[in-house]
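# Summary of the model geometry
Below, each chain spelled out in residue letters.
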Amino acid sequence: ETAVFQTPNYHVTQVGNEVSFNCKQTLGHDTMYWYKQDSKKLLKIMFSYNNKQLIVNETVPRRFSPQSSDKAHLNLRIKSVEPEDSAVYLCASAKIGTTEVFFGKGTRLTVV
Amino acid sequence: GDKVKQSPSALSLQEGTNSALRCNFSIAATTVQWFLQNPRGSLINLFYLVPGTKENGRLKSTFNSKESYSTLHIRDAQLEDSGTYFCAAEAGNMGYKLTFGTGTSLLVDP
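Below you will find a few notes about this structure. (Residues numbered from 1 in each chain as written. Chains lettered and ligands numbered in written order. Predicted model: local features only at pLDDT ≥ 70, side-chain atom pairs only at ≥ 80, totals over all residues. Heavy atoms only, no water.)

The helix and strand inventory of chain A stands at zero helices and eleven strands. The secondary structure elements of chain A, listed N-terminal to C-terminal, are β-β-β-β-β-β-β-β-β-β-β. The C-alpha radius of gyration of chain A comes to 13 Å, within 12% of the 13 Å expected for a compact globule of 112 residues. Considered along the principal axes of its C-alpha atoms, chain A spans approximately 40 × 30 × 25 Å. A total of about 5,800 Å² of accessible surface is found on chain A, and carbon and sulfur atoms cover 46% of it. If the 14 positive side-chain charges of chain A are averaged to one point and the 10 negative ones to another, these points end up 1 Å apart. (Helix = DSSP H or I, 4+ residues; strand = E, 2+ residues; numbered from the N terminus. Rg over C-alpha atoms; globule rule 2.2 N^0.38 Å. Areas by Shrake-Rupley, 256 points an atom, 1.4 Å probe, with all protein chains shown as cover. Lys, Arg positive; Asp, Glu negative; His and termini not counted. Charge placed at Lys NZ, Arg CZ, Asp CG, Glu CD.)

Here you go:
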């Protein structure tokens, strides 16, 4: 099966902890993204990577850091989570030169 | 959300009826995508458009770049069409990122 795979599906953690989310795509795409969907369902881009290189870095707090080992993987680490980080984090990928993106099923983070 | 405005924000339809959703852009959109987010949260690709029209089964979408809007028409609505519909636009100078609308929440009733 070719798709975008995210783990974990859900994560509950306490304020101040560090979390890491994984994303892998088997579509052969060169570009990968992290989006955040808040409680009002607003979707906003956080990061964009093209073949392991960061090309878009929206204004996100410095505690968020993307990590890419190869063009098929883009993980997201959050150091010292805060309550406002509670959201669904969606990973996506696209072929180079196009913005037809395909999304994973998301990771729902709850910070208590 | 301001750069891509979706309307209506919510919609209730009876099974078998037709409707249209709309996105207006204040950015110079070059491509548009439509997604359905189902109740489980998955974003399903519906259409990827350059200016023009595409049709797929009961769905039809048009993107008019000159007038800065896109529409999604749903014909003969079914219960499984329920969910939140998002449009997203890309402007050529924005580094391959999509700007999403605020979504239309659709409920199809029997």
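V4(B), F25(B), W34(B), L46(B), L72(B) and Y85(B) are the most contacted members of the largest nonpolar core, which has 24 residues in total. Where this core is concerned, the elements lending two or more residues are β3 (19–25), β4 (29–37), β5 (43–49), β7 (59–64), β8 (69–74), β9 (83–91) and β11 (104–109) of chain B. (Core = buried A, V, L, I, M, F, W, Y, C linked by side-chain atoms within 4.5 Å. Buried < 20%, exposed > 50% of the residue type's maximum accessible area, 1.4 Å probe, protein only.)

Quick look at the interface of chain A and chain B now. Taken together, the contacts link 19 residues of chain A with 18 residues of chain B. In total, about 1,700 Å² of surface goes out of reach between chain A and chain B, with carbon and sulfur atoms giving 57% of it. Remark: the boundary between chain A and chain B carries zero salt bridges. At the junction of chain A with chain B, the criterion picks out six residue pairs in polar contact (both at pLDDT 80 or more). Listing elements by their share of the side of chain A that touches chain B, those giving two or more residues are β4 (31–37), β5 (43–50), β6 (53–57) and β10 (102–103) of chain A. When residues of the side of chain A that touches chain B are assigned to their parent elements, the largest contribution, three residues, is made by β4(A). The class makeup of the residues in the side of chain A that touches chain B is eleven nonpolar, four polar and four charged. (Contact = heavy atoms within 4.5 Å. Buried area = accessible area lost by both parts, 1.4 Å probe. Salt bridge = Lys/Arg side-chain N within 4 Å of Asp/Glu carboxyl O. Polar contact = N/O pair within 3.5 Å; in protein donor to acceptor, adjacent residues only side chain to side chain. Nonpolar A, V, L, I, M, F, W, Y, C, P; charged D, E, K, R; others polar.)

Glancing now at the state of the cysteines. Residues and elements named next belong to chain A. Using the criterion set out here, one finds two disulfides over all chains in the structure. Through a disulfide, C23 is tied to C91; the S-S separation comes to 1.8 Å. Handedness of the C23-C91 disulfide follows from its S-S torsion of about -80°: it is left-handed. With C23 in strand β3 (residues 19–25) and C91 in strand β9 (residues 87–94), the pair connects residues that are 68 residues apart, well separated along the chain. Look at C23 and you get buried, because its relative accessible area is 2%. A residue is classified by how much of its surface remains accessible, and C91, at 0% relative accessible area, is buried. (Disulfide = S-S within 2.5 Å.)

Next up on the list: the sheet that holds strand β1 (residues 4–7) of chain A. Through backbone hydrogen bonds, the strands of a sheet pair up, either in parallel or in antiparallel fashion. All names here are of chain A. Spatial strand order, β1-β3-β8-β7: four strands in an open sheet with antiparallel pairing. With one partner strand each, in any of the chains shown, β1 and β7 (64–70) form the two edges of the open sheet. Sheet twist, expressed as the average angle between the axes of neighbouring strands with direction ignored, equals 20°. (Pairing = 2+ DSSP bridges. Axes fitted to C-alpha atoms, helices over the stretch in contact; angles between N-to-C directions.)

Counting through the fold element by element, Q33(B) comes out in strand β4. Here V101(A) takes part through its backbone nitrogen, which lies 2.9 Å from a polar atom of the side chain of Q33(B). If sequence neighbours within four positions are ignored, Q33(B) has contacts with T99(A), E100(A), V101(A), N45(B), F47(B), Y48(B), F86(B), C87(B), A88(B) and L98(B).

Each aromatic ring pair is characterised by the separation of its centres together with the angle its planes make. Enumeration over the complete set of coordinates arrives at ten aromatic pairs over all chains. Both rings, one in Y35(A) and one in F100(B), keep their centres 5.5 Å apart while their planes meet at 80°; by these two values the pair is edge-to-face. In this pair, Y35(A) sits in strand β4 while F100(B) sits in strand β10 (residues 99–100), so the two residues belong to two different chains. For the pair Y35(A) and F100(B), one class covers both residues: buried. (Phe/Tyr/Trp six-rings, centres within 6.5 Å; stacked < 30°, edge-to-face > 60°.)

Glancing now at the pairing of strand β8 (residues 73–78) of chain A. Residue and element names in this part refer to chain A. As paired elements, β3 and β8 share four bridges and run antiparallel to each other. Paired with S20 across the strands is R77, a residue of β8. Strand direction decides the pairing type here: β7 and β8, joined by five bridges, are antiparallel. The partner of Q67 across the bridge, within β8, is N75. Hairpin connection of β7 to β8: two residues between the antiparallel strands.

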